[in-house]
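In case you want the letters, here they are:
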Amino acid sequence: MSVSTASVPIIDEATAAAYARAQHEHDEAHRRAHGGAERRPLSRGRVYAALLALALGGFGIGSTEFVAMGLLPEIARDLLPGLYAANTEEAIGQSGWVITAYALGVVVGAPTIAAFAGRVPRRRLLLWLAAAFTLGTIASATLPTFELVIAARFMADLPHGAYFGVAALVAASLMGPGKRGQGVALVLSGLTVATVIGVPLITAIGQAAGWRAAYLVVAALFAATFIAVRILVPWQPGDANSTVRGELAAFGSLQVWVAVAVGAIGFGGFFAVYSYIAPMVTESAGKPGGAVPWVLASTGIGLTIGNIIGGRLADAGTARAMFLGFAGLIGSLALLGLAGTTPVGLLLAVGGVLLALVSVALERRATLVR
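This is a predicted model, so every value here is computed, not measured.

Reading the values: the criteria
Residues numbered from 1 in each chain as written. Predicted model: local features only at pLDDT ≥ 70, side-chain atom pairs only at ≥ 80, totals over all residues. Heavy atoms only, no water. Phe/Tyr/Trp six-rings, centres within 6.5 Å; stacked < 30°, edge-to-face > 60°. Buried < 20%, exposed > 50% of the residue type's maximum accessible area, 1.4 Å probe, protein only. Patch = residues over 30% accessible without salt bridge, like charges linked within 9 Å, V, L, I, M, F, W, Y side chains within 5 Å. Areas by Shrake-Rupley, 256 points an atom, 1.4 Å probe, with all protein chains shown as cover. Salt bridge = Lys/Arg side-chain N within 4 Å of Asp/Glu carboxyl O. Helix = DSSP H or I, 4+ residues; strand = E, 2+ residues; numbered from the N terminus. Expected span 1.5 Å × (residues − 1). Bend = angle between axes of the 7 residues up to and from the residue. Lys, Arg positive; Asp, Glu negative; His and termini not counted. Contact = heavy atoms within 4.5 Å. pLDDT = per-residue confidence, 0-100. Core = buried A, V, L, I, M, F, W, Y, C linked by side-chain atoms within 4.5 Å. Axes fitted to C-alpha atoms, helices over the stretch in contact; angles between N-to-C directions. Parallel < 35°, antiparallel > 145°, perpendicular 65-115°, else oblique. Left-handed = near helix turned anticlockwise from the far one by under 90°.

What about the packing of aromatic side chains?
Across all of its chains, the model carries four aromatic pairs by this definition. Arranged with centres 6.1 Å apart and planes meeting at 80°, the rings of Y163 and F164 form a pair that is edge-to-face. Here F164 falls in the buried class, since its relative accessible area comes to 1%. The structure contains a cluster of three or more aromatic residues connected by ring pairs, namely F133, Y163, F164 and F222.

If you want it as structure tokens, here you go:
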């Protein structure tokens, strides 16, 4: 079984073997239907085009997941005008439910979709997920009240974990034995690039044209993902042996719950900081709103560096890499508490080398197996 925690999918050997068997059965069916003719292998260019189409979805997910964090003041001002006028800090705090609702959607959607859609052909499932992302994000941008927007953010992120899990399986299959990790890394690169480019750019658009415009841009990214996946990703079978009971059986393992607890507790501090990064820049550090995208970009650079470092350290030992990652997180949060009220201290805390090591643990978070 493959379980996705937050944004990083873990693929175990049993899942890879089951998928390979399903692909082999599909190839055999093709030969029988075409008089024994072999399926022609995809060209190198077609494989990488398909991987880029999947990475585009990761870029959209990274953008929609983090863009609210730079726009909380704008969201609070628009959706909670009375409270914002009376108590700005409380209004911004309340608007944090936009982020919480999205996170709850990940928690609910990932295991539910994995359990009930395991038999669905992979490309078809990816198209359904991209369509759900598009519609949910459009709803987030257009619904008139705070409560409805919260509901829309919950619904919009139900496909989050499932998309990364399925896209990783497809990428691993396209690359083949010996290169599966490279394929998965390319898909996940869409998420890391989003933290460096997509989130700061879309945040700037939201500050200039309104937070709703920012979500419409994200919806356009998901619509483009739907088209790209439909054109470039080849048909792939689902898991014929998948059952709801089998998929949910993993949650009977203590190892799974320990791994989930480590991720939830260990990264709580980081996401608490990232969620309220906009008021930290404008209120605590005293910088104008235009500085928020630059701080977000600094964070994205730190996370991208961490992904590079994390991949190397994790190959040398997962436990050691996780200890180093959490040590880096503790150090960066301590630095933020001591010096985060100054612009230089804030940049070092959220985007420096210490925070870069946070994604060491993200890279190889506790492996969840059947």
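Re a nonpolar patch on the surface
Together, L254, W257, V258, V260 and V262 make up a nonpolar patch on the protein surface, roughly 460 Å² of accessible area in all. Residue placement: V262 occurs in helix 13 (residues 254–266).

Concerning the environment of M155
Along the polypeptide, M155 turns up in helix 8 (residues 146–156). The exposure class assigned to M155 is partly exposed, which follows from its relative accessible area of 49%. Taking C-alpha positions, M155 is 9.4 Å from A139, a pair spaced 16 residues apart along the chain.

Remarks on helix 6 (residues 97–116)
Its 20 residues place the ends of helix 6 28 Å apart at the C-alpha level, agreeing with the 28 Å of an ideal helix rising 1.5 Å per residue. Along its length, helix 6 reaches its greatest deviation from straightness, about 30°, at G109, and the proline P111 lies no more than four positions downstream.

Description of the side chain of R153
Along the polypeptide, R153 turns up in helix 8. Buried charge without a partner: R153 forms no salt bridge, and the closest opposite charge is D157, 6.4 Å away. Setting aside chain neighbours within four positions, we find R153 in contact with T64, V98, A101, Y102, T137, S140 and Y215.

Focus on the confidence of the model for the protein chain
For residues with low pLDDT, the predicted coordinates do not support detailed interpretation. With 73% of its residues at a pLDDT of at least 70, the protein chain reaches an overall mean of 76. Low pLDDT (under 50) marks residues 33–38, which in the prediction has five contacts with non-local residues, meaning those over four places away or in another chain. Across residues 353–370, where pLDDT falls below 50, the model places 69 contacts with residues more than four positions away in sequence or in other chains.

Observations regarding the pattern of salt bridges
Counted according to the given criterion, the structure contains one salt bridge. We note a salt bridge from R212 to D78, for which the minimum N-O separation is 3.3 Å. With R212 in helix 11 (residues 211–232) and D78 in helix 3 (residues 72–79), this pair connects stretches of sequence that are 134 residues apart. The exposure class assigned to R212 is partly exposed, which follows from its relative accessible area of 23%.

Things to note about the nonpolar core
As a rule of thumb, nonpolar side chains are buried together in soluble globular proteins. Residues L54, L126, Y163 and Y274 are the most contacted members of the largest nonpolar core, which totals 82 residues. Take this core: its biggest share by element is eleven residues, from helix 9 (residues 160–175). Beyond its immediate stretch of four places on either side in the chain, Y274 contacts F66, M69, V199, L296 and T299.

Re the side chain of T137
Its location among the elements puts T137 in helix 7 (residues 122–142). Sequence-distant contacts of T137, defined by excluding residues within four places in its chain, comprise T64, R153, A156, Y215, V218, A219 and F222.

Let's talk about the packing of helix 7 against helix 8
At a minimum axis distance of 8 Å, the contact between helix 7 and helix 8 shows a crossing angle of 165°. When the axis of helix 7 is compared with that of helix 8, the two are roughly antiparallel. Where helix 7 crosses over helix 8, the handedness of that crossing is left-handed. Every residue of helix 8 that contacts helix 7 at F133, G136, T137, A139 and S140 is listed here: V149, A152, R153 and A156.

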